[in-house]
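Listed below are the residues making up each chain.
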Amino acid sequence: QLFGVNYVQVKVKAIQDDVTVEDIIVNKGNCKIENQNAYTRKPIIPKQLKFGESVSVAFTAPCEATQVDVVTSNGSWTVSY
């Protein structure tokens, strides 16, 4: 929680070398992610990762993640909750 607003964070960790996270879609786009670094104002994704590195994006409540789609340079995958 930050300033009375609930933030939910999605963290994607690379399990392959040199993969680019091109997009993270929450609830088929119905939950808008915060894709801007609060300090630098630069986009968070797309983000190139090496093995073991991760990238995180947040979105605000009242949206609850039931499906997260991750689009990468090596394909896409979906996680449902």
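### Overview of the pairing of strand S7 (residues 75-80)
Piece 1. Bridge count for strand S6 (residues 67-72) against S7 is six bridges, and the pairing is antiparallel. Within S7, the position partnered with Thr 72 by the bridge is Gly 75.
Piece 2. Here S6 folds back onto S7, and the loop between the two strands holds two residues.

### Quick word on the pattern of salt bridges
Piece 1. For the structure shown, the criterion picks out one salt bridge.
Piece 2. In this structure, Asp 18 and Lys 50 form a salt bridge, with 3.3 Å as the shortest nitrogen-oxygen distance. Linking Asp 18 in the loop between strand S1 (7-13) and strand S2 (19-26) with Lys 50 in the loop between strand S4 (47-49) and strand S5 (54-60), this pair joins segments that are 32 residues apart in sequence.
Piece 3. You can call Lys 50 partly exposed: its relative accessible area is 48%.

### Some points on unusual backbone geometry
Piece 1. The omega torsion across Ile 45 and Pro 46 is 10°, close enough to zero to call that bond cis.
Piece 2. Here Pro 46 shows up in the loop between strand S3 (33-34) and S4.
Piece 3. A positive phi angle, close to 50°, is found at Asn 27, a residue other than glycine.
Piece 4. In this structure, Asn 27 sits in the loop between S2 and S3.
Piece 5. For Lys 28, which is not glycine, the phi dihedral falls at a positive 55°.
Piece 6. With respect to the element layout, Lys 28 can be found in the loop between S2 and S3.

### A few points about the sheet that holds S7
Piece 1. The sheet built from four strands is open, its strands ordered S4-S2-S6-S7 with antiparallel pairing. The sheet is open, and its two edges are formed by S4 and S7, each paired on a single side. Adjacent strand axes in the sheet meet at a mean angle of 30° when their direction is disregarded.

About the criteria used
Residues numbered from 1 in each chain as written. Predicted model: local features only at pLDDT ≥ 70, side-chain atom pairs only at ≥ 80, totals over all residues. Heavy atoms only, no water. Pairing = 2+ DSSP bridges. Helix = DSSP H or I, 4+ residues; strand = E, 2+ residues; numbered from the N terminus. Salt bridge = Lys/Arg side-chain N within 4 Å of Asp/Glu carboxyl O. Buried < 20%, exposed > 50% of the residue type's maximum accessible area, 1.4 Å probe, protein only. Axes fitted to C-alpha atoms, helices over the stretch in contact; angles between N-to-C directions.

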